[in-house]
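Residue-level listing of the chains:
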Amino acid sequence: MSNVQPKTDKDLFQFLDGLGIAHSTKEHAPVFTVAESVALRDEIPGGHTKNLFVKDKKDNYFLMTVEEHATIDLKTIHTVIGAASKVSFGKPEKLMEYLGVIPGAVTAFGVINDTGRQVKMIVDADLMEYDTINCHPLRNDATTSIGSKDLLRFIEATGHEPLVLKVTA
């Protein structure tokens, strides 16, 4: 594990500004699950996300960003995302090492911390139907809204190839 400090929400916002990507952030009480965040829906329009940090038996890591109510079949998703085997959830230590976030704050924006490109970034095709996508800004007490095409541009700017795949049932 490296001793490099993970980037903060301020670093993220500077990175987005540097790319000319419009974004807005709303502060709120910490939320750890989709169920806890449902109360924010009236205040924050757009597609809300849930994120799954998974790995296969060969220690290939994947971050899947999907619409919050989407269902993913973890028994078969490996065939869609190109994993070497069935997937299981990645450990919190790897989540912090690669994406710089804790469980409950997992976000597509975490790839800003994956400078070694250890994580394959998957965005669900259904989520891309929203004009605006909402993600945690590397912490779970705020929500950052960004255009869906800008999210892909952000991911590319981190050196990751965003794979837009139909991963939900």
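Look above for the structure.
Basis of the calculations
Residues numbered from 1 in each chain as written. Predicted model: local features only at pLDDT ≥ 70, side-chain atom pairs only at ≥ 80, totals over all residues. Heavy atoms only, no water. Buried < 20%, exposed > 50% of the residue type's maximum accessible area, 1.4 Å probe, protein only. Helix = DSSP H or I, 4+ residues; strand = E, 2+ residues; numbered from the N terminus. Arc of directions from axis to C-beta. Contact = heavy atoms within 4.5 Å. Pairing = 2+ DSSP bridges.

Draft legend 1. View of helix α1 (residues 9–18). Of all the positions in α1, only Asp9, Leu12, Phe13 and Leu16 are classed as buried. Down the axis of α1, the smallest arc covering the buried residues is 95 degrees, so these residues share one side. The exposed residues of α1 that point more than 90 degrees off its buried face are Lys10, Gln14 and Gly18. Each element contacted by the buried residues of α1 is listed here: β1 (23–27), β7 (142–147) and α5 (148–157).

Draft legend 2. Expanded view of the pairing of strand β2 (residues 47–55). Burial analysis of β2 places eight of its nine residues in the buried class, the great majority of the element. Pairing analysis gives two bridges linking β2 to strand β6 (residues 132–135), with the strands arranged parallel. Residue pairing for β6: Gly47 is matched across the bridge by Ile133. The sheet contact formed by β2 and strand β3 (residues 61–67) spans seven bridges and is antiparallel. Within β3, the residue paired with Asn51 across the bridge is Thr65.

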